[in-house]
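# Chain and residue survey
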Amino acid sequence: MTSSVTFRASPYLVLNSKFRPRYRVQASSSVGGDSTVSSSPELVVLNGAPPVEEREKLGSLTGENGYAVSKIGVVKKRKKVDKELKSTAVLESLEVLWDDAYGTKSVKDAIECTRVIIRPDGGPPRWFCPVECGQPLNDSPVLLFLPGLDGTGFGLILHHKALGRAFEVRCLHIPVYDRTPFEDLVTFVEKTIKAEYASSPHKPIYLVGDSFGGCLALAVAACNPTIDLVVLLVNPATSFGRSQLQPLLPLLEAMPDGLHFTVPYLLSFVMGDPVKMATVNIDNMLPPRVALEQLSVNLTSLLPTLSGLADIIPRATLLWKLKLLKSAAPYTNSRLHAVKAEVLILASGKDNMLPSQDEALRLTNSLKNCRVRHFKDNGHTLLLEDGINLLTVIKGTHTYRRRRRHDYVLDFLPPSMSEYKVAFNQVVGLLHNASSSVLFSTLEDGKIVRGLSGVPSEGPVLLVGYHMLMGLELYSIVEEFLREKNVIVRGIAHPMLFSGKMENSSSEFNLIDWVKVFGAVPVTGSNLFKLFSTKSHVLLYPGGAREALHYKGEEYKLFWPDQPEFVRMAARFGATIVPFGTVGEDDITDLVLDNNDLMKIPFFNDYIRESSRNAIRVRDFAKDTWPLLLSVWETHRDEGDMNH
C-alpha cells in the first residue's frame, strides 16, 4: 500500500539526483507532523502530517544549483515508513562528557548556509529544523528560535548539536523579500505554540528571541499568559527607540543604492566583535603563538564573507526591517504587563547597537518572573561569539525542565566535554594549577593507592567528608572523578545557592552557575532520595557552610550534627558510604578577619545580622522532612517508584 503527499515547497528544492543539497534540515508544520529533508532523491517524507494551511506550507534548504518546482509528490510504502520509525532509537540519557560540538561551527558557516536560502521563492515565513540537531532526549520540550534582523534563522548554528540533544529545535526563517507585518508574525508564532500546547500540555515551550526576535517572543508570551512558556531573550530589541544607531537611521534611508554594499561591513562591526567571532573554534589551551596564528587565519577567511551580508539584507529589506523594528518595540513594550512566562535575559556589555544592559534592568523591573545574566565582553551578536554556550547558560540557571516545575535530579543534563574544559581550564584553572591537588584512595586489602581505584564506579555511592576553608577542595574532587572514572559527582549544596537571593539585575554567569552545571542540588531529603534511587555518586558535607566558613583557630574542626541524618537513607538503598578527609588547604591561608571580628564593625554587623535573618535554616527543614521521606520510601519501596 502506498500513500502520496503533495505540498508547495521552496523553488530551490532539488529533485535532480546529480545535485546534492549541501545543507540538510528537517521541516516541521506548525499544525503537527514532521517532514525530513535529506540528500537522497526521495527528499521528503511526511509522517502522517495533516494538510498544511497556506501560510504554513513548508520549504526546504538545498545547494546552490537548485531550480524552481511547484509541487513535489513523495511516495513511500507505509510498512517501510513504519519500520523506519520503529527502528529510530530513543535517546534516554546523555553520557557524561558527551560531545556537544561547540566550536566546530563559526560565523563563516552561518553566512555560507544563509547564502543557500536567501534566494527569493515567494514563500511566507516558515519553520525548519537543522538535521545536525540530531535525536533529542526522550520527552524533550520544543525550542522555537526567533531570529534577529537578518531573519534567516541560522543564529543558533554554533549551538545546534548541543541544543538538539535537550530540545526539539525549530528555527523561524523569514525570507529576504517577505513583508509580513509584525502583528502577523506574532499570529504565526502564536498558532505554532498553541498547536504544541494542545499536543503536549504538560511540557513547557521555549522561545529564544534574538534581538528583533526578543520583541516577537515577548509579544507572543503576552498574548498567551496561560501557556507554560520559557522565554530566553538575547539583547532584545525592545530598546530600539534608545538605540545608538538612531542618529544614523535617516542616513541609511537616504543612502543611494550604489553605496549600499558598504552598509553590511559597517553593521558587522557595530553588531558584533569580529575577534570573538573568529575565536569560537580556537582551543584555549593552545600555545599563544599557535592561537594567534589560528586567529589570523580565521579573521582572514571571515572578513571576505561579510560581503554576503549585502545579499542577506538588501537595501529594500533593510528599510523594511527598520520599519518593522519601529513597530515591534512599542507593540511589545505596551504589553509587558501581560507577560506571565519565565524569562531569562542574556545581555551583552559591549553591544554597540542597543543599550542591552540598561534594557535588561528595565525589563527586570517590568516583568514578574525575570532573571538576567550579563556577558560584559560580548557584542550584539552574542550567540555567534566565543565564550557563550547557550545550553550551558540554560543548565547553569536551572532554566531547563521537561514539566511545569524544575526537578533537580530528573531534569539534570550531564556536563559535556567542552563544559569540562572551560570549567577546569578557565573558571577554576588558576586554583587547579596553584594547588596541584592529589587524591588517594584505599583498596579492599587496605593498600593506599594514588587515584580513585578504591572508590566504586557503580552507584549509589555516598562520599562524606569535611570542608576546608571556602570549600575549595570540592573542585578537585569533582574533576578527578570525571577525569579518571567518567563519573559525575552530585554535590549536596546549601539551598541559598538556589533560592535566587544571591542574584540581582547585574548578575554575570559566575562560579555558582558553574556549580549547578556540574550537578549540585539543594540539600533536601527528597533530592538525596532521588539521587540514591538513580544510583548516583553523591557528595555530602554534614558540616555544611559553617564548616567552610570557619573562624580563626578552627582549622580541621568538624561541625557535624549529633544525629547521623544520612546513614539510614543510605543503608536503605544499599549505598556505599565512602568517608574522606582533606589535608593542606587550611594550612596555606591565615585568616585576618573572621565572623567574630566583622561583627565588631558597625556596617558589617548590620549586614551579617540581616543576612542571617533571611537565610534558610537547613537543619530545621531536614529534621522535619527526612524521617517522613524514609517512612514514605518504606511504604512504596516494593513499587520501585522514586517519585512517590
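Residues numbered from 1 in each chain as written. Predicted model: local features only at pLDDT ≥ 70, side-chain atom pairs only at ≥ 80, totals over all residues. Heavy atoms only, no water.

## Topic: the sheet that holds strand β16 (residues 489-493)
In spatial order, the strands read β17-β16-β18-β15-β19; together these five strands make up an open sheet with parallel pairing. Two strands lie at the open edges of the sheet, namely β17 (521-522) and β19 (576-579), each paired on one side alone. Judged from the four bridges that link them, strand β15 (residues 461-464) and strand β18 (residues 537-540) form a sheet pairing that is parallel. Each residue of the ladder has a partner; that of Leu463, found in β18, is Leu539. (Pairing = 2+ DSSP bridges. Helix = DSSP H or I, 4+ residues; strand = E, 2+ residues; numbered from the N terminus.)

## Details of unusual backbone geometry
One can expect most non-glycine residues to show negative phi and most peptide bonds to be in trans. Following Gly459, the chain continues to Pro460 via a peptide bond in cis, the omega torsion being 5°. If you trace the backbone, Pro460 turns up in the loop between β14 (448-450) and β15. A positive phi angle, near 50°, is found at His398, a position not held by glycine. As for its position among the elements, His398 is in the loop between α13 (390-396) and α14 (417-427). Unusually for a residue other than glycine, Asn486 sits at a positive phi of about 55°.

## Things to note about the environment of Ile394
Relative to the helices and strands, Ile394 resides in helix α13. Spatially, the C-alpha atom of Ile394 lies 8.9 Å from that of Leu232, the residues being 162 residues apart in sequence. Aside from chain neighbours lying at most four places away, what touches Ile394 is Leu163, Phe167, Leu232, Thr399 and Tyr400. (Contact = heavy atoms within 4.5 Å.)

## Notes on the confidence of the model for the chain
Per-residue pLDDT for the chain averages 78, and the proportion of residues at 70 or more is 73%. Below pLDDT 50 for its whole length, residues 1-88 participates in 169 contacts with residues either more than four positions away or in separate chains. Under a pLDDT of 50 for its full length, residues 624-644 has, in the predicted model, 31 contacts with residues more than four places off or in other chains. (pLDDT = per-residue confidence, 0-100.)

## Re the pattern of salt bridges
Opposite charge on two side chains lets them pair, provided their charged atoms get close. Applying the stated criterion across every chain, the model contains 17 salt bridges. Across the pair Asp139 and Arg403 runs a salt bridge, and its minimum N-O distance is 2.8 Å. Of the two residues, Asp139 is situated in the loop between β6 (126-130) and β7 (142-146) and Arg403 in the loop between α13 and α14; the sequence distance between them amounts to 264 residues. For Asp139, a relative accessible area of 32% translates into the label partly exposed. The exposure class assigned to Arg403 is partly exposed, which follows from its relative accessible area of 38%. Two residues, Arg371 and Glu342, come together in a salt bridge whose shortest N-O distance is 3.5 Å. A residue pair is termed long-range when its members are at least 10 positions apart, and Arg371 in strand β12 (residues 370-375) and Glu342 in strand β11 (residues 342-348) qualify at 29 residues. Across the pair, Glu342 and Arg371 agree in class, each one buried. The structure contains a network of salt bridges with shared partners spanning Asp228, Glu342, Arg371 and Arg401. (Salt bridge = Lys/Arg side-chain N within 4 Å of Asp/Glu carboxyl O. Buried < 20%, exposed > 50% of the residue type's maximum accessible area, 1.4 Å probe, protein only.)

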